[in-house]
Amino acid sequence: MRLIVGYQATPSGADGIALGATLARSLQASLDICLVLPQERPVPSKAPVEAGYDDILIDRATGWLDEALTLVPEDVQARAHLLFDESFAQGLLDAVREFDAYMIVVGAAGDGLLGRHSIGTVTSDLLHVAHVPLALAPRGYRHSPPQRIREITCAIGNRPGAAELIEAATDLSVTAELPLRLLSLVSAEDQSARGQSGLAKAEEVLRTVQAEMPAGSDVQLRVAEGSGIEKAASSLDWHDGDVLMVGSSRLAQPHRLFLGSVAAKMLRVVPVPMIVVPREAGDE
């Protein structure tokens, strides 16, 4: 299994490598660290261009990749790649196809709170067009990354149609021999507006999902309630090594990512990495 790390010579890039290494150990995978430079573009004849500028930029980028490899622990196999594309996100997607990678890993934008998620331009692009799971590291993850994943938490909505998310979470759980926690969040405000028992419905959905999982699956069920989705997510116990998996919105194109409103609210408050799974074709 190969994991693509979208790298920039910033603290965000180091966060992405740290998460990539943790995932690689857990999944017995290797890392492909990719830095994307813009392709050479025609320059108007009146604009002076320093001779050898492209060579200087390539040399500097190659140096950044050499530094990136020094951030990878010795027990994790990694390769560095300098790619060229006008879109950083598209360059990573092309690398996924070329290397037959399973997942893309990126760090948070540099303007977020320490220990929380912040979405930058590249991540935002990937969240709309990626066709593979996208792992997001919270800001500062590089400071104390766990050796391996401890537990996978899979957030289930209160409507059917999350088969691809359950399958992805189960596969990762089995591959890495990790416990799996199925989670449903209940907003008290939404429950009051609907005039129904959100807790009872959430418990029923979780039991239904559990019944459809392979026999002997190591799975726990958890319903969290709060005045809103953020409060419900914040009420949970999160530990070093935990990873949250969420599905894409039903607004997503088939085989593409799209961060839904509930997942976006969770992203603002959870202090652990989040993996977003693409929507499958025919998912209603």
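The following refers to the structure shown. (Residues numbered from 1 in each chain as written. Predicted model: local features only at pLDDT ≥ 70, side-chain atom pairs only at ≥ 80, totals over all residues. Heavy atoms only, no water.)

**Some points on the nonpolar core**
So, point 1. One finds Leu23, Leu182 and Met245 to be the most contacted residues of the largest nonpolar core, which totals 50 residues.
So, point 2. Counting residues per element, this core draws most heavily on helix α1 (residues 11-27), at 7 residues.
So, point 3. In terms of nonpolar packing, the next biggest core, distinct from the first, is built from 41 residues, Ala95, Leu185, Trp238 and Leu257 among them. (Core = buried A, V, L, I, M, F, W, Y, C linked by side-chain atoms within 4.5 Å. Buried < 20%, exposed > 50% of the residue type's maximum accessible area, 1.4 Å probe, protein only. Helix = DSSP H or I, 4+ residues; strand = E, 2+ residues; numbered from the N terminus.)

**Things to note about the pairing of strand β6 (residues 151-155)**
So, point 1. By the criterion of burial, β6 is predominantly enclosed, with 5 of the 5 residues buried.
So, point 2. Along β6, one buried face is formed by Glu151, Thr153 and Ala155 and the opposite face, lined by Ile152 and Cys154, is buried too.
So, point 3. Taken together, the 4 bridges between β6 and strand β9 (residues 242-247) define a ladder with parallel strand orientation. By the bridge assignment, Cys154 is partnered in β9 with Met245. (Pairing = 2+ DSSP bridges.)

**Comments concerning the side chain of His81**
So, point 1. Among the secondary structure elements, His81 is positioned in strand β3 (residues 78-84).
So, point 2. Excluding its chain neighbours within four sequence positions, the residues that come into contact with His81 are Arg2, Asp32, Ile33, Cys34, Leu35, Leu65 and Phe99. (Contact = heavy atoms within 4.5 Å.)

**Let's talk about the sheet that holds strand β7 (residues 180-187)**
So, point 1. With mixed pairing, the 10 strands of this open sheet are ordered in space as β3-β2-β1-β4-β5-β10-β9-β6-β7-β8. Looking at strand neighbours, the two that pair on one side only are β3 and β8 (219-226), the edges of this open sheet. Within the sheet, the average angular offset between the axes of one strand and its neighbour, ignoring direction, is 25°.
So, point 2. In this fold helix α5 (residues 163-176) packs onto β6, β7, β9 and β10 (274-277), with an angle of close to 175° to the strand it touches most, β6. (Axes fitted to C-alpha atoms, helices over the stretch in contact; angles between N-to-C directions.)

**Some words on the environment of Arg268**
So, point 1. With respect to the helices, strands and loops of the structure, Arg268 is situated in the loop between α9 (261-267) and β10.
So, point 2. Sequence separation between Arg268 and Pro138 is 130 residues; the distance between their C-alpha atoms is 10.0 Å.

**What to know about helix α4 (residues 121-129)**
So, point 1. Taken residue by residue, α4 has Thr123, Leu126 and Leu127 as its buried positions. Each buried residue of α4 sits inside an arc of 100° when the element is viewed along its axis, so together they form one side.
So, point 2. Here the buried face of α4 lies against α3 (88-99), β4 (103-106), β5 (134-136) and β10. (Arc of directions from axis to C-beta.)

**Considerations on α5**
So, point 1. Along its 14 residues, α5 runs 20 Å from first to last C-alpha, staying within 8% of the 20 Å computed at 1.5 Å per residue.
So, point 2. Listing the buried residues of α5 in full gives Glu164, Leu165, Ile166, Ala168, Ala169, Thr170, Leu172, Ser173 and Ala176.
So, point 3. Summarising the contacts, the buried residues of α5 are in contact with α1, β6, β7, α7 (198-211), β9 and β10. (Expected span 1.5 Å × (residues − 1).)

**Some remarks on unusual backbone geometry**
So, point 1. Even without glycine at this site, Gln28 takes up a positive phi of about 55°.
So, point 2. Among the secondary structure elements, Gln28 is positioned in the loop between α1 and β2 (30-37).
So, point 3. The residue Glu177 is not glycine, and still its phi comes out positive at about 55°.
So, point 4. Within the fold, Glu177 resides in the loop between α5 and β7.
So, point 5. For Glu177, a relative accessible area of 72% corresponds to the exposed category.

**Quick word on the packing of aromatic side chains**
So, point 1. Scanning all chains against the criterion turns up 0 aromatic pairs.
So, point 2. The residue whose ring lies beneath Arg181 is Trp238, and the NZ or CZ to ring-centre distance is 5.2 Å. (Phe/Tyr/Trp six-rings, centres within 6.5 Å; stacked < 30°, edge-to-face > 60°. Lys NZ or Arg CZ within 6 Å of the ring centre and 35° of its normal.)

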